[in-house]
Amino acid sequence: MTWRRLAGPLALLACCGTVAACGSTDSPSSSDDAAGEKATATATAESKTGEQSKFFVQADYDKQLAQRSVTPEGDASKPWTQMIEPEMISTEEFKSDKSSGWNVCFSNAGNNNPWRQNGLKTMQAEAKNTKEIAKFTVVDAEAKDDKQISDIEAMTSGGKCDAIIIAPNTTATLTPAVEAACKSDIPVLVFDRGVTTDCPVTFIHPIGGYAFGADAAEFLKEKVKKDGKILALRILPGVDVLETRWSGAKGIFDEAGLNVVGVEFTDGDPAKTKSIVSDYIQREGSLDGVWMDAGATAVAAIEAFEDAGQDVPPITGEDQNDFLTKWKDEGLTAVAPTYSNFQWRTAVIAAVKVLKGEEVPKEWVLPQPKITQDTLDQYVKPNMPPLYYALCGCEDLPGFPQKWGGK
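Predicted, not measured: the structure shown is a model, and the values here were computed from it.

Parameters at a glance
Residues numbered from 1 in each chain as written. Predicted model: local features only at pLDDT ≥ 70, side-chain atom pairs only at ≥ 80, totals over all residues. Heavy atoms only, no water. Buried < 20%, exposed > 50% of the residue type's maximum accessible area, 1.4 Å probe, protein only. Helix = DSSP H or I, 4+ residues; strand = E, 2+ residues; numbered from the N terminus. Arc of directions from axis to C-beta. Core = buried A, V, L, I, M, F, W, Y, C linked by side-chain atoms within 4.5 Å. Contact = heavy atoms within 4.5 Å. Phe/Tyr/Trp six-rings, centres within 6.5 Å; stacked < 30°, edge-to-face > 60°. Lys NZ or Arg CZ within 6 Å of the ring centre and 35° of its normal. Disulfide = S-S within 2.5 Å. Pairing = 2+ DSSP bridges. Axes fitted to C-alpha atoms, helices over the stretch in contact; angles between N-to-C directions. Salt bridge = Lys/Arg side-chain N within 4 Å of Asp/Glu carboxyl O. Right-handed = clockwise from strand over helix to strand, strands pointing away.

Asker: Before we go on, may I ask you to explain helix α2 (residues 58-67) in this structure?
Answerer: An α-helical turn contains 3.6 residues, so any two residues separated by three or four positions project in the same direction. Buried within α2 we find Y61, Q64, L65 and Q67. One face of α2 carries all of its buried residues, which in axial projection span an arc of 160 degrees.

Written out as structure tokens, the structure is:
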């Protein structure tokens, strides 16, 4: 989240982040809405952070920030199985007549960015390592709402799926498709990005976007002097987990008196990110901090300062290995909020529990650790590729590290 996150640089539409709950607010329903929000963000740079997002829900914000300090239930060595404040529900009605040989189906928003690619590898490895699952069917929506709606319809009408896992491409548009799937006899599980219905058996996600955004903003509040110039980099508007990340940061910046000189959308494109940062360095002379709603392009932002011959100011990123490595090697002042990639593994575990008729949380909230200077060394992986995500939860699965590109 990275779209965590979204589905690809231009389709970053819907992030494990995330990661708002099933009751999250709707996303914009048209490209005009998205374009309008994009223009508004740029236009409001002079007025600091602008108006609060229509996605903002105070109660959800308060809940997520409080959950950061809650000790999760379960085995800390397997955070993908942990739960924060779970409300357990019965799934007896979905218990399969078969004890094994299941076909678990997955409708993926897209596989066009490293976070999603890492997650899918972990999900497939978990499914392959689960004896009850005979077949794991993955359909890629390619970041297209219409295609995902069609994919879900095919899964519910074909009679071949024993359970359906859905990572929605966008929030509002996919809600009716999820609701229709819930009316079938097949258990439906949602993870990563939310929809505005509570009909799925369970919704699996880390704490959420507010927590991610707040973790990053609180770090800059601590490291940057009052009136310090902050550049905020976002991916795209209209995705719940990204909108709430910005909402989680906005109030903290306003309260701290930090000068947000720009709020820009990067489309998750490293070249565009670098160009935007370079433009702001030239315009402002210097920057005192960089906030990002997803860290996949953090290295590109860092390179803009290096090219300008300036020290890199305090910056926020994510648990992508290239950023963590750069942070360590260059001795940067940084923090990495995360949208736990291991949630892809949890989705398969939850599907198995449901087909066994075992209890699951109605909302399965997973831990969402942040990587700090004190914990950096345990997450940097020299033997893994630059685009590997440290919180994949995959290191005990068969085929690691080779299947994830490592040595």
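On we go.
Asker: Even after reading the chapter, I still don't get the nonpolar core, so can you show me in this structure?
Answerer: Membership of the largest hydrophobic core comes to 70 residues, with the highest contact counts inside it found for F106, M123, F191, F323, L324 and W327. Ignoring sequence-local partners within four residues, the contact set of L324 consists of E318, D319, A336, I371, L376, Y379, V380 and A390. In terms of nonpolar packing, the next biggest core, distinct from the first, is built from 21 residues, L65, L220, F253 and A256 among them.

Asker: Would you take a moment to explain the packing of aromatic side chains for this structure?
Answerer: Describing an aromatic ring pair means giving the distance of the ring centres and the angle of the ring planes. All chains considered together, the criterion is met by 14 aromatic pairs. Here Y61 and Y210 contribute two aromatic rings whose centre-to-centre distance is 5.7 Å and whose plane-to-plane angle is 90 degrees, an arrangement assigned as edge-to-face. Note that Y61 is positioned in helix α2 and Y210 in helix α6 (residues 209-223), a separation of 149 residues in sequence. Residue Y210 is classed as buried on the basis of its relative accessible area, which comes to 2%. A centroid spacing of 5.7 Å and a plane angle of 65 degrees characterise the contact between W115 and W344, whose relative ring orientation is edge-to-face. With a gap of 229 residues between them, W115 in helix α3 (residues 114-128) and W344 in helix α11 (residues 343-355) connect regions that are remote in the sequence. The structure contains a cluster of three or more aromatic residues connected by ring pairs, namely F106, W115, F191, Y339 and W344. Over the aromatic face of F212 sits the side chain of R245, whose NZ or CZ is 3.9 Å from the ring centroid.

Asker: Teacher, can you tell me more about the side chain of R345 here?
Answerer: Tracing the sequence through the fold places R345 in helix α11. R345 has contacts with W80, T122, E126, G393, D396 and L397, leaving out every residue within four places of it along the chain.

Asker: Which parts of the structure should I look at to understand the state of the cysteines?
Answerer: By definition, a disulfide links the sulfur atoms of two cysteine residues through a covalent bond. All told, the structure shown has 3 disulfides when counted by the stated rule. Disulfide pairing is shown between C392 and C394; the S-S distance is 1.8 Å. An S-S torsion of about -70 degrees defines the bridge between C392 and C394 as left-handed. C394 matches C392 in its accessibility class, with the two residues each being buried.

Asker: Would you take a moment to explain the environment of D146 for this structure?
Answerer: Among the structural elements, D146 can be located in helix α4 (residues 145-157). Spatially, the C-alpha atoms of D146 and L174 are 8.9 Å apart, while their sequence positions differ by 28 residues.

Asker: Hey, could you run me through the sheet that holds strand β6 (residues 202-206) in this one?
Answerer: Strands pair in a sheet through their backbones, by hydrogen bonds, and they do so in one of two ways: parallel or antiparallel. Ordered by their spatial adjacency, 6 strands build an open sheet running β3-β2-β4-β5-β6-β13, and the pairing between neighbours is parallel. Looking at which strands have only one partner, the edges of the open sheet turn out to be β3 (133-140) and β13 (363-366). Going across the sheet, the axis of each strand differs from the next one's by a mean of 20 degrees, ignoring polarity. In this structure, strand β2 (residues 102-108) lies alongside β3, joined through 7 bridges in parallel fashion. Residue pairing for β3: W102 is matched across the bridge by I133. Packed onto the sheet, α4 meets β2, β3 and β4 (163-166) and runs at close to 165 degrees relative to β2.

Asker: How should I be thinking about the pattern of salt bridges in this particular structure?
Answerer: If charged atoms from side chains of opposite charge come close, those side chains can pair. A complete count under the given rule lists 22 salt bridges for this structure. Across the pair K144 and E142 runs a salt bridge, and its minimum N-O distance is 3.5 Å. Across the pair R234 and E243 runs a salt bridge whose closest N-O atoms are separated by 3.3 Å. For R234, a relative accessible area of 5% translates into the label buried. Through salt bridges with shared partners, a single network forms among R68, D215 and E218.

Asker: Looking at this structure, I do not really get the pairing of strand β7 (residues 229-234). What am I missing?
Answerer: Working note: regular strand, side chains alternate between the two faces of the sheet. Most of β7 sits inside the fold, with 6 of its 6 residues counted as buried. Judged by which residues are buried, β7 turns out to be covered on both faces: K229, L231 and L233 on one side and I230, A232 and R234 on the other are all buried. Where β7 and strand β8 (residues 259-265) come together, 6 bridges link them in parallel fashion. Paired with L233 across the bridge in β8 is E264. In this fold, the crossover linking β7 to β8 by way of helix α7 (residues 240-256) has right-handed handedness. As judged from the 4 bridges shared by β7 and strand β9 (residues 289-292), these two strands associate in the parallel manner. By the bridge assignment, L233 is partnered in β9 with M292.

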